[in-house]
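Given next are the chains, with one letter for each unit.
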Amino acid sequence: MNVRRKKPEIWAVGGGKGGVGKSLVSVLLALDIARRGKKTILIDVDLGGANLHTIMGIKTPARTLNDLVMRKYESMDQICIKTGIQNLELVCGASEILSLANPQYAQKHKIVQNIFSLSADCVILDLGAGTSYNVLDFFLIADHPIVVLTPQPISIQNAYGFVRNTVYRKLSRLAAQHPSLQNLIKAAMDPKNDKQMRTIHDLFESIRESHNARIVEQLKKAIRNIKPWLLTNMAREERDNNAGRIIQLVSEKYLTIQARQLGAVNYDASIERMVSQMRAVSKLGIESPARTNVHKIVNRLVKG
């Protein structure tokens, strides 16, 4: 009798532009979850600039995602690399193969299906920077979608842009079989569009007028499930812990979705030194303030 394997819990770590510490947050999350006795697989899904193996202290990975896509291996389980940390394995990205920076639909679909089939309790996806369709599509498959930002105003702005593009990407995919509807959604993505659609509510009203109310209700229901967690990294002051509040308010007003503050990871000089010295961040002591912060964050997500 075949027993259907349970899908692993998927955590995706994304954000706006680079420099907010997504990879470091991904590693710290993976370390904490693995320490709880859960089999954890950390995947570098930055297909155009993979560097997670370097942060983990692995100079030349023996196997990468490219080996899976090029069919050298049949499953993602076969390209997992031991990290030296109990319960934690790594799937390295494929930055040496430029074609994977923009994978074809079939390649992306294969990666996603293999993620769902992994033999693990938890999978952490370290996403690439920016808001390309590939980044957003991986973000949208997560059980726990996490947006990393820093307290700086430009980072907060970029993080909101990431959330906004995630919502519109979801809508665009749902409208894939309806060209006129997809064109309307594409127009709404431009803040200066001729139809003066400034919010998701405005878009839905335009769809109601040009299509029908039933489609509007279907789209509303779909984006209602988008509930990103906002994690502030490199917090230095108490007020920094609330950096995601503005994103919460604007997301509710303009996107009609619920973004939730997850907590903050304090600035940790020891991490900066380890990165500059090319030392494995996985060796960071459990007494580190950043690891303490991440432990509380994981507690919240495990309970929630």
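Relevant structure appears above.
Summarised in this report is the structure supplied together with it. (Residues numbered from 1 in each chain as written. Predicted model: local features only at pLDDT ≥ 70, side-chain atom pairs only at ≥ 80, totals over all residues. Heavy atoms only, no water.)

**Notes on the nonpolar core**
Working step 1: Judged by nonpolar contacts, the single largest core of 58 residues is most densely connected at I43, M76, I115, L125, L171 and L203.
Working step 2: When residues of this core are assigned to their parent elements, the largest contribution, eight residues, is made by helix α6 (residues 153–174).
Working step 3: Setting aside its immediate chain neighbours within four residues, L203 contacts Y168, L171, L184, I185, A188 and M197.
Working step 4: V25, L90, V148 and V294 belong to the second largest nonpolar core, which has 37 residues in total. (Core = buried A, V, L, I, M, F, W, Y, C linked by side-chain atoms within 4.5 Å. Buried < 20%, exposed > 50% of the residue type's maximum accessible area, 1.4 Å probe, protein only. Helix = DSSP H or I, 4+ residues; strand = E, 2+ residues; numbered from the N terminus. Contact = heavy atoms within 4.5 Å.)

**Details of the sheet that holds strand β3 (residues 81–82)**
Working step 1: What the eight strands build is an open sheet, ordered β3-β4-β2-β5-β1-β6-β7-β8; its pairing is mixed. The sheet is open, and its two edges are formed by β3 and β8 (260–266), each paired on a single side.
Working step 2: Note: strand β1 (residues 9–15) against strand β6 (residues 144–149), five bridges, orientation parallel. In the sheet register, G14 faces β6, and the bridge partner there is V147.
Working step 3: Together, β1 and β6 form the strand contacts of α6, whose direction differs from that of β6 by roughly 155 degrees. (Pairing = 2+ DSSP bridges. Axes fitted to C-alpha atoms, helices over the stretch in contact; angles between N-to-C directions.)

**Here's the deal with the packing of α6 against helix α8 (residues 200–210)**
Working step 1: Orientation of α6 relative to α8, taken along the N-to-C sense of each, is 20 degrees, at an axis distance of 12 Å. Considering their axes alone, α6 and α8 lie roughly parallel with respect to each other. Crossing angle aside, the handedness with which α6 passes α8 is right-handed. Contact with α6, carried on its side by V167, Y168 and L171, involves I200, L203 and F204 of α8 and no other residues of that element.
Working step 2: Looking at the contact of α6 with α8 residue by residue, the classes come out as six nonpolar, no polar and no charged. (Parallel < 35°, antiparallel > 145°, perpendicular 65-115°, else oblique. Left-handed = near helix turned anticlockwise from the far one by under 90°. Nonpolar A, V, L, I, M, F, W, Y, C, P; charged D, E, K, R; others polar.)

**Quick look at the pairing of strand β2 (residues 40–45)**
Working step 1: Within β2, six of the six residues are buried, leaving the element largely enclosed by the surrounding structure.
Working step 2: Alternating residues of β2 divide into T40, L42 and D44 and I41, I43 and V45, and every residue in both groups is buried.
Working step 3: Where β2 meets strand β5 (residues 122–127), six bridges bridge the pair, whose relative direction is parallel. Bridging across to β5, V45 finds its partner in L127.

**Thoughts on the side chain of E89**
Working step 1: As for its position among the elements, E89 is in strand β4 (residues 88–91).
Working step 2: Classification of E89 by relative accessible area gives buried; the value is 14%.
Working step 3: When neighbours within four sequence positions are excluded, E89 is seen to be in contact with K39, T40, I41, L42, C80, I81, K82 and T83.

**A closer look at the packing of aromatic side chains**
Working step 1: Evaluation of the coordinates by the stated rule reveals one aromatic pair.
Working step 2: Here the aromatic rings of F139 and F162 are separated by 4.9 Å at their centres, their planes lie at 90 degrees, and the arrangement is edge-to-face. Remark: F162 occurs in helix α6 and F139 occurs in helix α5 (residues 133–139); sequence separation between them is 23 residues.
Working step 3: The class for F139 is buried, based on a relative accessible area of 3%. (Phe/Tyr/Trp six-rings, centres within 6.5 Å; stacked < 30°, edge-to-face > 60°.)

**Some thoughts on helix α7 (residues 179–188)**
Working step 1: For α7, the full list of buried residues reads L181, L184, I185 and A188. The buried residues of α7 occupy an angular sector of 95 degrees when the element is viewed end-on, so they sit on one face. Along α7, the residues that are exposed and aim more than 90 degrees away from the buried face are P179, N183 and K186.
Working step 2: Check the buried side of α7 and you find it contacts α6, α8 and α9 (213–224). (Arc of directions from axis to C-beta.)

**Some remarks on the packing of α8 against α9**
Working step 1: It is at 8 Å that the axes of α8 and α9 come closest, and there the two elements cross at 150 degrees. Judged by the angle between their axes, α8 and α9 are roughly antiparallel. Considering the relative orientation of α8 and α9, their crossing is right-handed. In contact with I200, F204, I207 and R208 of α8, α9 contributes A213, I215, V216, E217, L219, K220 and I223.
Working step 2: Across the contact of α8 with α9, the residue classes tally to eight nonpolar, no polar and three charged.

**Overview of the pairing of β8**
Working step 1: Relative to β8, strand β7 (residues 229–235) runs parallel, the two being bridged by six bridges. Pairing of A235 across the sheet is with N266, part of β8.
Working step 2: With helix α10 (residues 245–255) bridging β7 and the parallel β8, this β-α-β connection has right-handed handedness. (Right-handed = clockwise from strand over helix to strand, strands pointing away.)

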